[in-house]
Amino acid sequence: MKLLWLNAAIMCAYFHAEACQPGQQRFGGSCYQLLTERMTWNQGDAACSEMGAALAVPDSLEEHQFIWEMFTGNVTTKGNLWIGCNDSAEEGKWMRSGDEGGECNYFSWAPEQPSDGEGQPFAQDCIDLWRRLSGFMDDVKCGNSLFVICESPVPFAVPTMSCLQRYADARSSSHCLNGHVMEDFSAEGVIACGSACRDKPRCRSFNLRRGGPGEMICQLNNITRNEADVKNIRLDSGCKYFEF
Ligand SMILES: *[C@@H]1O[C@H](CO)[C@@H](O)[C@H](O)[C@H]1NC(C)=O
Ligand SMILES: *[C@@H]1O[C@H](CO)[C@@H](O)[C@H](O)[C@H]1NC(C)=O
Ligand SMILES: *[C@@H]1O[C@H](CO)[C@@H](O)[C@H](O)[C@H]1NC(C)=O
């Protein structure tokens, strides 16, 4: 089958993409980056600070799970992970890494932790996520050499003007690109879907598909129409294909 691409409708609009840097992962309003070397708590704090970030601090069970899975998904066999809390200044008062400071207020300690206090041979003033206990928290010596994840706010979304092309075939029928969807979710419309595509470094084009009543499904594709096999381009009156 041969499709003839006769016309392309162009539409320009402001897209509000907010994105983490390549190599970072996003959770909620933050970007997270795993560093490749082990270091002391202070070295980790300094390395993150240099990137405009702070040592990651979990503030909820969900964030704790995200950080732990991000870490163990990469460093699969051994090693513990610093989080950005220490109580060097005042025992039991856990202060955060980073310029904003303030206290750490979410804790999920391993059994019998924290163990610092009177009668210890050395201070254990920094918190790590302990692999042997599935990522629960432990207070340890700040000079230990552990892995580090840095956390920074997702950069402020700058609206950028971009143009979209919507292709139609010879009979002006709608079509979509199938088989290369890397993510799909419901979206309000073409701007929201286009912004989501702009957010994802690997997104090359997108489909906007009619879902249930009043619902639009945004599908982010990892290739463009021209790179795809013709068999993956399907005429479909309930679906529109776009690329930047
Ligand atoms: C692990 O993290 C490092 C540092 O961020 C990165 O260079 C590497 O590609 C990651 N590896 C995997 C398997 O995710
Ligand atoms: C502990 O945290 C404080 C405040 O963030 C910081 O000044 C200090 O260098 C940190 N490190 C150690 C090892 O106490
Ligand atoms: C694009 O995503 C599909 C799954 O939808 C996958 O099979 C394919 O390998 C991906 N291609 C590229 C270039 O990433």
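Residues numbered from 1 in each chain as written. Chains lettered and ligands numbered in written order. Predicted model: local features only at pLDDT ≥ 70, side-chain atom pairs only at ≥ 80, totals over all residues. Heavy atoms only, no water.

Trainee: Could you give an account of the domain arrangement of the protein chain, naming the residues involved and the relevant values?
Mentor: By domain assignment, the protein chain separates into domain 1 (6-18 + 156-243) and domain 2 (25-153). Just the C-alpha atoms count here: the centres of domain 1 and domain 2 sit 40 Å apart. (Domains from an automatic or database assignment.)

Trainee: Which residues make up helix α1 (residues 41-50), and what values go with them?
Mentor: Among the residues making up α1, those that are buried are W41, G44 and C48. Considered in projection along α1, the buried side chains sweep an arc of 60 degrees and stay on one side of the axis. In α1, the exposed residues that point more than 90 degrees away from the buried face are N42 and E50. Where α1 is buried, its residues meet β4 (54-55), β5 (81-86), β7 (126-130) and β9 (149-153). With its phi angle positive at about 75 degrees, G52 sits one or two positions after the end of α1. (Buried < 20%, exposed > 50% of the residue type's maximum accessible area, 1.4 Å probe, protein only. Helix = DSSP H or I, 4+ residues; strand = E, 2+ residues; numbered from the N terminus. Arc of directions from axis to C-beta. Contact = heavy atoms within 4.5 Å.)

Trainee: Can you lay out the packing of aromatic side chains for me, pointing to particular residues and giving the numbers?
Mentor: To describe a pair of aromatic rings, you give the distance between the ring centres and the angle between the ring planes. On inspection of all chains with the given rule, the structure shows nine aromatic pairs. A centroid spacing of 5.6 Å and a plane angle of 55 degrees characterise the contact between W94 and W109, whose relative ring orientation is tilted. Taken together, the residues W94 in the loop between β5 and β6 (95-96) and W109 in the loop between β6 and β7 connect sequence positions 15 residues apart. Relative accessible area serves as the criterion here: at 23%, W109 is assigned to the partly exposed category. With a centroid separation of 5.2 Å and 20 degrees between ring planes, the pair formed by F206 and F242 is classed as stacked. With F206 in strand β13 (residues 205-210) and F242 in strand β16 (residues 239-243), this pair connects stretches of sequence that are 36 residues apart. With respect to class, F206 is no different from F242; both count as buried. Linked through ring pairs, F15, F206, F242 and F244 together constitute an aromatic cluster. The lysine or arginine in question, K141, covers the ring of F122, its NZ or CZ lying 4.6 Å from the ring centre. (Phe/Tyr/Trp six-rings, centres within 6.5 Å; stacked < 30°, edge-to-face > 60°. Lys NZ or Arg CZ within 6 Å of the ring centre and 35° of its normal.)

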